[in-house]
Number of protein chains: 8
Amino acid sequence: MDHKALLQQVADGSVTPDEALLRLKAAPFEDLGFANVDTHRHLRQGCHEVIYGAGKTPPQIAGIVEVMGNVNNILITRLSQEAADELNGRLNITYDPVSKIAVANPQKIENPLGSVVIASGGTSDLSVCEEAAITAETLGSKVTRLYDVGVAGLHRLLSRLDILQSARVVVAVAGMEGALASVVGGLVSCPVIAVPTSVGYGANFGGVAALLTMLNSCASGVSVVNIDNGFGGGYLAHRINRLEGCP
Amino acid sequence: MDHKALLQQVADGSVTPDEALLRLKAAPFEDLGFANVDTHRHLRQGCHEVIYGAGKTPPQIAGIVEVMGNVNNILITRLSQEAADELNGRLNITYDPVSKIAVANPQKIENPLGSVVIASGGTSDLSVCEEAAITAETLGSKVTRLYDVGVAGLHRLLSRLDILQSARVVVAVAGMEGALASVVGGLVSCPVIAVPTSVGYGANFGGVAALLTMLNSCASGVSVVNIDNGFGGGYLAHRINRLEGCP
Amino acid sequence: MDHKALLQQVADGSVTPDEALLRLKAAPFEDLGFANVDTHRHLRQGCHEVIYGAGKTPPQIAGIVEVMGNVNNILITRLSQEAADELNGRLNITYDPVSKIAVANPQKIENPLGSVVIASGGTSDLSVCEEAAITAETLGSKVTRLYDVGVAGLHRLLSRLDILQSARVVVAVAGMEGALASVVGGLVSCPVIAVPTSVGYGANFGGVAALLTMLNSCASGVSVVNIDNGFGGGYLAHRINRLEGCP
Amino acid sequence: MDHKALLQQVADGSVTPDEALLRLKAAPFEDLGFANVDTHRHLRQGCHEVIYGAGKTPPQIAGIVEVMGNVNNILITRLSQEAADELNGRLNITYDPVSKIAVANPQKIENPLGSVVIASGGTSDLSVCEEAAITAETLGSKVTRLYDVGVAGLHRLLSRLDILQSARVVVAVAGMEGALASVVGGLVSCPVIAVPTSVGYGANFGGVAALLTMLNSCASGVSVVNIDNGFGGGYLAHRINRLEGCP
Amino acid sequence: MDHKALLQQVADGSVTPDEALLRLKAAPFEDLGFANVDTHRHLRQGCHEVIYGAGKTPPQIAGIVEVMGNVNNILITRLSQEAADELNGRLNITYDPVSKIAVANPQKIENPLGSVVIASGGTSDLSVCEEAAITAETLGSKVTRLYDVGVAGLHRLLSRLDILQSARVVVAVAGMEGALASVVGGLVSCPVIAVPTSVGYGANFGGVAALLTMLNSCASGVSVVNIDNGFGGGYLAHRINRLEGCP
Amino acid sequence: MDHKALLQQVADGSVTPDEALLRLKAAPFEDLGFANVDTHRHLRQGCHEVIYGAGKTPPQIAGIVEVMGNVNNILITRLSQEAADELNGRLNITYDPVSKIAVANPQKIENPLGSVVIASGGTSDLSVCEEAAITAETLGSKVTRLYDVGVAGLHRLLSRLDILQSARVVVAVAGMEGALASVVGGLVSCPVIAVPTSVGYGANFGGVAALLTMLNSCASGVSVVNIDNGFGGGYLAHRINRLEGCP
Amino acid sequence: MDHKALLQQVADGSVTPDEALLRLKAAPFEDLGFANVDTHRHLRQGCHEVIYGAGKTPPQIAGIVEVMGNVNNILITRLSQEAADELNGRLNITYDPVSKIAVANPQKIENPLGSVVIASGGTSDLSVCEEAAITAETLGSKVTRLYDVGVAGLHRLLSRLDILQSARVVVAVAGMEGALASVVGGLVSCPVIAVPTSVGYGANFGGVAALLTMLNSCASGVSVVNIDNGFGGGYLAHRINRLEGCP
Amino acid sequence: MDHKALLQQVADGSVTPDEALLRLKAAPFEDLGFANVDTHRHLRQGCHEVIYGAGKTPPQIAGIVEVMGNVNNILITRLSQEAADELNGRLNITYDPVSKIAVANPQKIENPLGSVVIASGGTSDLSVCEEAAITAETLGSKVTRLYDVGVAGLHRLLSRLDILQSARVVVAVAGMEGALASVVGGLVSCPVIAVPTSVGYGANFGGVAALLTMLNSCASGVSVVNIDNGFGGGYLAHRINRLEGCP
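Residues numbered from 1 in each chain as written. Chains lettered and ligands numbered in written order. Predicted model: local features only at pLDDT ≥ 70, side-chain atom pairs only at ≥ 80, totals over all residues. Heavy atoms only, no water.

(A) Highlighting the overall build of chain A. Scanning chain A from N- to C-terminus turns up 11 helices and nine strands. Within the span of chain A, comprising 247 residues, buried residues form 60% of the whole. Excluding contacts between residues fewer than 6 apart, the proportion of contacts in chain A whose partners are at least 24 apart in sequence is 66%. When the accessible surface of chain A is totalled, it reaches about 8,700 Å², and 51% of it is carbon and sulfur. (Helix = DSSP H or I, 4+ residues; strand = E, 2+ residues; numbered from the N terminus. Buried < 20%, exposed > 50% of the residue type's maximum accessible area, 1.4 Å probe, protein only. Contact = heavy atoms within 4.5 Å. Areas by Shrake-Rupley, 256 points an atom, 1.4 Å probe, with all protein chains shown as cover.)

(B) Local environment of the interface of chain C and chain D. In this assembly, 40 residues from chain C lie in contact with 39 residues from chain D. Run the count over chain C and chain D and you get zero salt bridges. Applying the counting criterion to the chain C and chain D interface returns 15 residue pairs in polar contact (both at pLDDT 80 or more). Elements that contribute at least two residues to the side of chain C that touches chain D include exactly α3 (37–45), β5 (113–120), α8 (161–165), α9 (180–187), α10 (208–215), β9 (222–224) and α11 (230–241) of chain C. The leading source of residues in the side of chain C that touches chain D is α11 of chain C, at six residues. (Salt bridge = Lys/Arg side-chain N within 4 Å of Asp/Glu carboxyl O. Polar contact = N/O pair within 3.5 Å; in protein donor to acceptor, adjacent residues only side chain to side chain.)

(C) Examining the pairing of strand β4 (residues 101–104) of chain E more closely. Residue and element names in this part refer to chain E. Alternating residues of β4 divide into I101 and V103 and A102 and A104, and every residue in both groups is buried. In this sheet, β4 lies alongside strand β2 (residues 74–77) in antiparallel orientation, the contact comprising three bridges. Of the residues in β4, the one forming a bridge with L75 is V103. Between strand β3 (residues 93–96) and β4, which follow one another and run antiparallel, lie four residues, and K100 among them has a positive phi close to 60 degrees. (Pairing = 2+ DSSP bridges.)

(D) Representation of the relation of the copies chain C and chain D within the structure. Rotating chain C by 179 degrees about the axis while translating it 0.1 Å along that axis superimposes it on chain D, leaving an RMSD of 0.4 Å. On this basis, the relationship between the two copies can be described by a two-fold rotation axis. The position closest to the rotation axis in chain C is occupied by the C-alpha of G245 of chain C, lying 1.8 Å away. (Least-squares fit on C-alpha atoms with pLDDT ≥ 70 in both.)

(E) Structural view of the environment of G200 of chain C. Residues and elements named next belong to chain C. Considering the arrangement of structural elements, one finds G200 in the loop between β8 (192–196) and α10. Judged by relative accessible area, which is 31%, G200 ranks as partly exposed. Sequence spacing of G200 and A210 is 10 residues, and the spatial spacing of their C-alpha atoms is 9.4 Å.

(F) Spotlight on the relation of the copies chain D and chain F. You can overlay chain D on chain F at an RMSD of 0.6 Å; the transform is a turn of 91 degrees with a shift of 0.3 Å along its axis. One copy is carried onto the other by what is essentially a four-fold rotation axis. When C-alpha distances to the rotation axis are compared across chain D, the minimum falls at F205 of chain D, with a value of 6.9 Å.

(G) Representation of the interface of chain D and chain F. Taken together, the contacts link 11 residues of chain D with 14 residues of chain F. Across the chain D/chain F interface, buried area totals approximately 1,000 Å², and carbon plus sulfur atoms make up 64% of it. It is H155, L158 and Y201 of chain D that lose the most area in chain D upon contact with chain F, and together they represent 51% of the buried surface on that side. Where chain D touches chain F, the interface holds zero salt bridges. For the side of chain D that touches chain F, the per-class residue count stands at four nonpolar, seven polar and no charged. (Buried area = accessible area lost by both parts, 1.4 Å probe. Nonpolar A, V, L, I, M, F, W, Y, C, P; charged D, E, K, R; others polar.)

(H) Here's a closer look at the environment of V116 of chain C. All names here are of chain C. Structurally, V116 is set in strand β5. In the structure, V116 is positioned 54 residues away from V170 in sequence and 5.8 Å away in space, judged by C-alpha atoms. With residues up to four places along the chain from it excluded, the contact list for V116 reads S141, K142, V143, T144, V169, V171, A237 and N241.

(I) Just the packing of aromatic side chains, in detail. Counting across every chain of the model gives 16 aromatic pairs over all chains. With a centroid separation of 5.5 Å and 50 degrees between ring planes, the pair formed by F231 of chain A and Y235 of chain A is classed as tilted. One end of the pair, F231 of chain A, and the other, Y235 of chain A, are both in helix α11 (residues 230–241), four residues apart, so they sit about a helical turn from each other. Accessibility assignment for this pair places F231 of chain A and Y235 of chain A in one class, buried. One Lys or Arg, R78 of chain A, reaches over the ring of Y201 of chain C and ends 4.5 Å from the middle of that ring. (Phe/Tyr/Trp six-rings, centres within 6.5 Å; stacked < 30°, edge-to-face > 60°. Lys NZ or Arg CZ within 6 Å of the ring centre and 35° of its normal.)

(J) How the structure looks around the side chain of S120 of chain A. Residues and elements named next belong to chain A. With respect to the secondary-structure elements, S120 resides in strand β5 (residues 113–120). The buried category is assigned to S120, whose relative accessible area is 1%. Excluding residues that lie within four positions of it along the chain, S120 makes contacts with C129, L146, Y147, D148, V149, G150, V173 and L180.

(K) Region of interest: the confidence of the model for chain A. All names here are of chain A. Looking at chain A as a whole, its pLDDT mean stands at 84, while 86% of the residues score no less than 70. By mean pLDDT, helix α3 (residues 37–45) is the weakest element of chain A at 37, and strand β8 (residues 192–196) is the strongest at 97. The low-confidence segment residues 26–46 (pLDDT under 50) makes 46 contacts with residues lying over four places distant or belonging to another chain. Reported confidences for the modelled complex are a pTM of 0.85 and an ipTM of 0.82. (pLDDT = per-residue confidence, 0-100.)

(L) Layout of the sheet that holds strand β1 (residues 50–52) of chain E. Residues and elements named next belong to chain E. Here four strands make up an open sheet; going across it, the order is β1-β2-β4-β3 and the pairing mixed. In this open sheet, the two edge strands, each paired with only one partner strand, are β1 and β3. For this sheet, the mean inter-axis angle between neighbouring strands, taken without regard to orientation, is 20 degrees. In this sheet, β4 lies alongside β3 in antiparallel orientation, the contact comprising four bridges. Directly across from Y95, in β4, lies its bridge partner A102. (Axes fitted to C-alpha atoms, helices over the stretch in contact; angles between N-to-C directions.)

(M) Seen up close, the sheet that holds strand β3 (residues 93–96) of chain B. Residue and element names in this part refer to chain B. Read from one edge of the open sheet, four strands run β1-β2-β4-β3, paired in mixed fashion. Edge positions in the sheet fall to β1 (50–52) and β3, since each of these pairs with one other strand and no more. With direction set aside, neighbouring strand axes in the sheet form an average angle of 20 degrees. Sitting on the sheet, helix α5 (residues 81–88) touches β2 (74–77) and β3, and the angle it makes with β3 is about 165 degrees.

(N) Here's a closer look at the pairing of strand β8 (residues 192–196) of chain B. Residue and element names in this part refer to chain B. Where burial is concerned, most of β8 is hidden: five out of the five residues are buried. Residues of β8 alternate between two faces, with V192, A194 and P196 on one and I193 and V195 on the opposite face, all of them buried. Pairing of strand β7 (residues 169–174) with β8, which is carried by five bridges, proceeds in the parallel orientation. In the sheet register, V173 faces β8, and the bridge partner there is V195. As for the winding sense of the linkage, the β-α-β connection from β7 through helix α9 (residues 180–187) to β8 is right-handed. Across three bridges, β8 lies against strand β9 (residues 222–224) in parallel orientation. From the neighbouring strand, V192 faces β9, where its bridge partner is V222. Taken together, β8, helix α10 (residues 208–215) and β9 form a β-α-β motif whose crossover is right-handed. (Right-handed = clockwise from strand over helix to strand, strands pointing away.)

(O) Quick peek at the packing of helix α10 (residues 208–215) of chain D against helix α10 (residues 208–215) of chain E. One can describe the packing of α10 of chain D onto α10 of chain E by two numbers: an axis separation of 8 Å at closest approach and a directional angle of 125 degrees. Relative to α10 of chain E, the element α10 of chain D is oriented oblique. Of the two possible hands of crossing, α10 of chain D and α10 of chain E adopt the one that is left-handed. Packed against α10 of chain D, whose contacting residues are V208, A209, L212 and T213 of chain D, the element α10 of chain E presents V208, A209, L212 and T213 of chain E at the interface. (Parallel < 35°, antiparallel > 145°, perpendicular 65-115°, else oblique. Left-handed = near helix turned anticlockwise from the far one by under 90°.)

So, in structure tokens, the structure goes:
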């Protein structure tokens with residue numbers, strides 16, 4: 001809503017004060033610039049609305065997608081294979097069973113932005129890694145995968161230093177003891193987003209061990225998202241990656 | 001160490017293979033480009049080495065600063081007033097008692113970079129906020145303080161939307177229940193770094209309540225650092241803020 | 001039991017001291033006014049006895065309902081669809097599969113009392129919300145549902161301020177980080193009952209994150225019930241809502 | 001701000017669209033009715049602004065009180081004796097060392113409202129109880145104290161049933177195992193606010209044992225505030241107590 | 001082994017020192033009086049060896065029972081219905097599906113000892129209660145069941161005071177908030193064994209809430225066993241109940 | 001109060017129904033046999049009222065003792081040396097600085113009852129041990145101390161098997177890992193009360209490690225009281241020890 | 001890579017400095033001796049690469065084994081029966097369903113090394129014990145099993161002292177309260193590796209109780225691995241067992 | 001005690017059976033070979049008895065040392081400077097204020113054994129490191145200190161690979177996130193003992209973060225001792241280091 005135009009119309013007499021009041025009340029926060037942002041901002045900035053698929057029925061998801069109209073590359077996360085199959089007949093979607101991400105109205109990103117590196121400790125973290133990777137890619141970032149470079153065999157990580165150090169942002173995904181984030185944090189100068197995973201057993205406590213490790217990282221420049229939150233890591237990585245240079 | 005120059009000297013015969021081998025072993029990782037980075041990278045990129053003052057004696061701190069030579073704006077965090085007084089005679093430092101940060105070889109930053117906003121829930125979080133703010137400022141970022149805008153009186157935050165939305169990165173500092181990070185995360189499109197503080201009592205558990213709130217934020221684009229880790233928040237904010245535009 | 005009448009009968013000789021002693025022992029606490037209250041108080045005050053269905057067999061539930069006689073609108077909570085089906089042939093019940101609440105001897109409430117608002121953060125909290133809503137409604141309160149107004153999109157909540165502010169009591173239901181309770185608590189002047197839900201993952205710890213957020217709310221006037229305890233929230237909301245004015 | 005009047009002025013031409021836009025932006029949330037409420041609502045409803053004294057300096061507190069002007073009975077909680085002494089010369093305050101509550105601009109409440117009962121398990125909970133009691137009294141409620149009626153000697157509680165059952169709201173304060181809330185909850189029909197205290201030792205874990213007991217109460221109609229949060233209990237009790245009758 | 005007899009034989013020459021040494025080594029701890037006790041003590045004192053059925057295969061259980069020979073009333077706890085069915089053809093057992101206890105070589109106890117009261121908060125705790133009850137009964141104690149006397153309806157408990165107060169030992173079984181143990185502890189003068197159960201949800205944390213309540217009981221004379229450990233409660237109750245009078 | 005006598009007086013006409021009603025109301029629970037028990041029962045059974053000294057002022061303690069009149073051997077636990085010194089001029093007390101127990105109106109127990117053994121793991125647990133020992137002794141039990149017999153040097157414990165096995169009840173006090181309770185539980189046939197202590201460091205978590213060890217004891221017949229609760233252990237030991245033989 | 005040979009070639013002129021630089025960068029860490037070690041060290045020292053089977057598909061596992069070539073006795077841990085069956089047709093493996101360990105390219109160890117004793121508390125810990133035992137055996141250690149010697153029947157353990165005391169290293173496996181490690185630690189002079197298991201219930205918290213017990217062991221010379229980590233215990237035991245004597 | 005000699009004396013008639021019985025009872029466990037071991041074993045094997053100084057008074061400590069007689073190099077851990085000063089006049093001790101270890105009857109170890117490396121993450125862990133180092137040294141091991149090689153600057157650690165890889169056992173001491181143990185574990189083939197320290201803040205939870213990291217280490221061959229337990233780490237390192245070669 002264009003405040004000034006509305007007020008001009010009131011001044012012009014083409015809109016009555018009562019009618020203007022009604023419009024303001026009907027969408028009281030559009031004026032403030034954050035209500036519409038939820039729709040327009042994402043189109044403008046490359047981040048479309050994201051649908052958290054867990055706990056929603058296929059018809060609910062389809063309804064939301066339909067309301068969003070002709071938006072491309074709508075992310076639907078945590079979607080089961082069954083739900084994806086059910087949606088498939090109704091929507092135009094692609095589905096990745098590893099990350100459990102579907103993309104509605106998929107369209108190839110021609111020129112992906114910058115450089116996001118997803119580093120992971122082991123092959124068991126694959127689904128979380130791919131959730132991060134596909135999220136960032138779908139939003140428009142260029143993603144490099146650096147999997148299975150855990151600290152138990154440090155040379156695997158060190159032999160890829162050039163890749164790590166050329167990233168604009170690194171997403172470090174690790175379960176077990178989660179030491180990867182600290183080691184990566186000490187090797188790069190860009191922001192590092194740590195994603196603890198629930199991979200492990202015993203005193204891992206469903207990812208708490210990795211989470212605490214990452215929060216207490218002795219390396220600076222590391223921040224953390226929720227356990228198994230690959231989406232959150234990939235989304236934030238894209239937010240950082242797409243930043244334009246300082247004016 | 002300049003690898004190629006050394007190899008050239010071996011080819012020239014001015015350095016024997018044995019001598020070259022010795023030099024490679026003596027500093028084996030300098031060749032790889034990350035050993036020296038600890039020194040050079042920071043000078044080059046605006047992030048100097050940071051000294052964690054807690055648990056170090058003033059003489060130890062002074063020794064480290066002296067080794068670092070004529071580097072400007074060396075951050076010394078978590079420094080007590082007493083230690084600062086003791087250092088004062090020996091080093092050229094400024095000291096801020098609220099954030100407990102000292103800066104050695106202080107020098108005014110002429111053109112601070114970009115825009116970091118530090119938002120806080122209440123006045124009790126002040127020391128953590130200032131730790132974040134002074135860290136980012138000393139590293140070279142332009143910082144705007146938006147304090148006491150907690151969610152219990154939402155209008156205080158909403159009336160500053162323009163400031164929030166013009167940030168390149170927001171550091172959201174909050175104790176108690178830490179809801180500020182979620183609310184800010186829903187209002188801006190830039191990266192948000194959440195810093196939980198130990199302000200509170202009872203089931204706050206020394207900051208755990210705010211930490212969990214922030215990790216579980218329903219808003220995307222939010223990541224978290226350790227409880228009371230204002231330095232970590234400010235440091236990472238600067239890392240993100242100083243990013244140049246995507247090529 | 002009428003103490004004085006009994007004592008009078010002893011004085012009259014129509015009841016012997018031994019007989020009176022027996023009667024006192026047989027129902028020792030009826031005299032005190034709280035034994036019978038369990039039956040009479042609820043009828044008188046609008047809160048009928050409630051049956052916690054989980055862990056009871058359909059025959060046990062049917063037995064309890066039958067003992068309660070012709071009481072209307074008996075709440076049976078946490079009842080599975082299977083148990084409801086089994087009860088259906090034996091009792092006159094309605095059953096809502098979302099909230100898993102059955103109502104035995106259902107009867108329309110003609111003039112529901114006051115105003116209870118149930119606000120929720122997302123659609124995944126629906127079953128807890130409905131447990132609260134149907135509980136309060138069945139007990140006799142007028143309930144307004146305000147769902148999916150979580151803080152990640154604050155304008156959704158703010159656009160309904162009139163509804164929130166006209167409530168006599170608000171039940172704020174939220175999972176994830178549970179920030180809704182604090183934000184609502186800062187916007188209204190009536191009592192707020194916060195119901196944390198187990199919706200979320202990772203460091204949500206089955207609702208603990210939301211629980212701690214709510215217990216540490218920086219907004220005054222907020223109290224908390226157990227995780228996923230929609231019934232408890234709705235029941236207490238009715239208790240508050242039905243209060244008559246101060247004498 | 002009167003939206004319609006402003007729009008009328010725009011229609012009249014007495015205010016230009018630009019000027020109107022400026023006014024809307026300058027106080028965007030005043031229009032919505034909740035920005036000013038923070039001031040007016042409390043005066044109107046009997047709940048003045050409350051100052052959390054912990055972590056604020058006496059000059060800060062005095063400054064806030066002075067800004068609030070001639071408001072009576074301003075609560076200042078968690079204030080140390082030393083801070084109270086320092087404030088005493090500057091403000092007109094009364095101070096209670098047990099609850100650590102000061103009241104600025106104290107004025108006798110002539111006709112306290114309704115009936116709030118504060119029940120406690122033991123004498124060690126006294127400071128939390130008094131924080132609740134003085135909070136509710138200062139806000140305008142009539143408070144009855146029922147102390148040292150813990151469940152280890154049940155007859156003490158049962159002999160006061162008449163007091164308990166005549167309350168409009170009960171605040172049950174208990175440390176150790178916190179069973180008082182459940183027992184009280186089973187005896188009354190009004191809302192019960194449970195306040196766990198940190199009184200105890202060992203596996204009490206600073207009040208966690210009592211907190212969990214209260215959250216899991218098998219009695220309906222009980223809700224919980226933070227550990228040692230006497231203020232929160234008293235404040236909410238007053239909010240409930242002052243409710244007018246249902247229309 | 002009879003030490004003195006053996007030494008006498010050595011003195012007699014009927015046993016050589018080497019042979020005696022061998023016998024001492026072969027069963028070194030029989031001499032000390034605790035190796036054989038595992039077998040003889042229980043027969044002598046009424047507590048037979050108990051078999052923890054969980055995690056043992058039916059053939060393993062049958063093997064142990066067979067080794068124990070003609071001992072009567074051998075308790076087998078935590079036995080599934082399936083395992084019981086399988087054992088049934090091979091051993092002479094009775095099986096109770098509620099407590100999941102089997103008794104091998106069952107024999108009626110003619111004169112059960114003393115008086116153990118099992119009190120419980122609700123009907124959901126039934127299996128734990130029965131585990132305690134059948135354990136104590138099978139070991140030889142007289143058991144009185146006092147079920148569904150939780151503190152939410154205190155009169156139910158108070159109306160049975162005579163039963164409670166005539167016990168030699170009370171086992172208080174409760175889930176949810178576990179307040180029953182404290183209330184019972186305040187009403188009786190005999191030892192009280194509290195058994196927390198995992199009945200409940202949310203912040204009950206699988207019985208932790210009840211466990212902490214019971215450990216922090218403000219009533220003296222209460223001790224606690226593990227969550228859901230009905231067997232432990234019943235076993236200890238029998239140990240206490242069977243005590244003879246002080247000499 | 002003698003119910004029957006009162007009723008007889010009503011029948012006799014020597015007491016009017018109104019007067020009788022008044023008496024019943026004035027002490028409504030005396031009739032039921034548990035109100036007065038708090039006073040009479042203890043005198044009769046050897047357990048006098050106990051005063052928890054922590055958090056009470058010396059004048060409060062003195063007041064309670066004076067109300068209790070000429071009762072001998074009143075236990076006052078958790079009393080600081082300073083408080084004891086202050087009480088000393090006002091009451092006739094003995095004070096033990098190790099256990100921090102004072103005894104008011106001390107009188108030698110001529111024939112202590114039965115046999116309570118207090119076993120401890122190390123010398124650091126001394127104050128908790130003595131709290132248990134002096135509690136049981138003051139209540140009338142005969143106590144044998146078996147200190148510093150921790151499992152790290154098992155022979156120390158095994159060489160005292162005769163003492164352990166002749167006990168009517170054992171109180172096993174241990175910090176660190178608390179394994180003593182399990183080992184003792186496997187060696188004796190009498191009830192064992194385990195008292196975890198907060199002695200230890202690191203992952204001991206203030207006694208939690210020992211507490212969990214004891215709750216999970218693989219030996220039957222062991223129950224647990226709160227961390228550092230020597231009083232609770234000694235009190236319960238006396239309750240068990242004083243039991244008369246089964247009728 | 002042979003550093004010196006390369007440098008000699010540079011000196012010889014047979015390799016140019018640029019070419020040498022490229023080779024150093026291409027495999028920068030091979031020079032340091034730890035990249036290849038992952039392959040060669042294990043063959044040389046008796047510890048082959050180990051494959052963690054959980055979370056890997058049979059084809060992935062087969063692929064890794066095939067890459068490892070003709071290495072004998074490759075351990076594959078945490079492998080389900082189904083996965084083992086599937087692998088069986090493709091690889092030459094033996095499979096033990098109790099420990100869930102498969103060994104690829106199995107070959108009898110002719111002269112197992114030294115002496116590792118695996119002691120366990122009960123029969124329920126069998127799978128963890130066997131994981132430790134088979135791991136150590138497959139790596140080349142001689143293993144003695146000492147099962148079901150828990151502290152509840154101490155004589156069972158004490159009667160095997162000779163076996164325990166002849167070990168070079170003991171692996172103590174225990175669930176429930178985990179006291180076995182402390183008792184063993186007090187009886188032997190060799191290193192003790194404690195393996196907590198998740199066997200137990202209630203306040204065992206999935207092995208946390210045993211873990212804490214073991215970490216807090218009052219016996220010196222005990223260290224701990226993760227809950228249920230039989231592999232880790234057996235692997236470390238072998239590392240210690242195979243140590244040659246001090247030079 | 002020499003069993004056989006005693007039995008021979010019985011056979012000879014020089015000792016009566018009763019006298020022999022008495023002697024067996026007086027020291028029943030000496031026969032079994034572990035009672036005396038506490039004294040003799042340590043002398044024989046290089047590990048003298050160790051005195052845990054915390055919670056013992058200087059006179060108690062002096063008493064224990066005096067009983068131990070002319071044993072050299074008796075370790076006294078966790079001794080305050082004050083206690084050391086007080087002991088100094090009475091015993092022949094050396095004292096190290098960093099590790100808080102005193103050594104009574106100190107004597108230089110002429111030929112320290114093998115090679116123990118103590119690696120630490122930062123300078124704040126110094127006291128724990130030195131507790132480990134001095135413990136191992138005093139027991140007779142040769143110790144190499146490798147301090148301040150944390151993973152935030154990985155090159156520091158990698159440049160010392162030769163030292164790490166020549167160790168017979170490594171003690172890895174780290175606070176904060178404790179990742180050092182995993183990185184070291186991946187670089188060496190000898191046993192690694194991880195010692196978590198309480199250095200850190202916030203979600204470090206007094207060392208829990210480092211403890212969990214170490215327990216979940218993805219590197220094999222790592223075991224863990226209690227938080228801040230430098231003594232335990234050094235003691236176990238010596239036990240392993242002193243192992244002779246396999247027969």
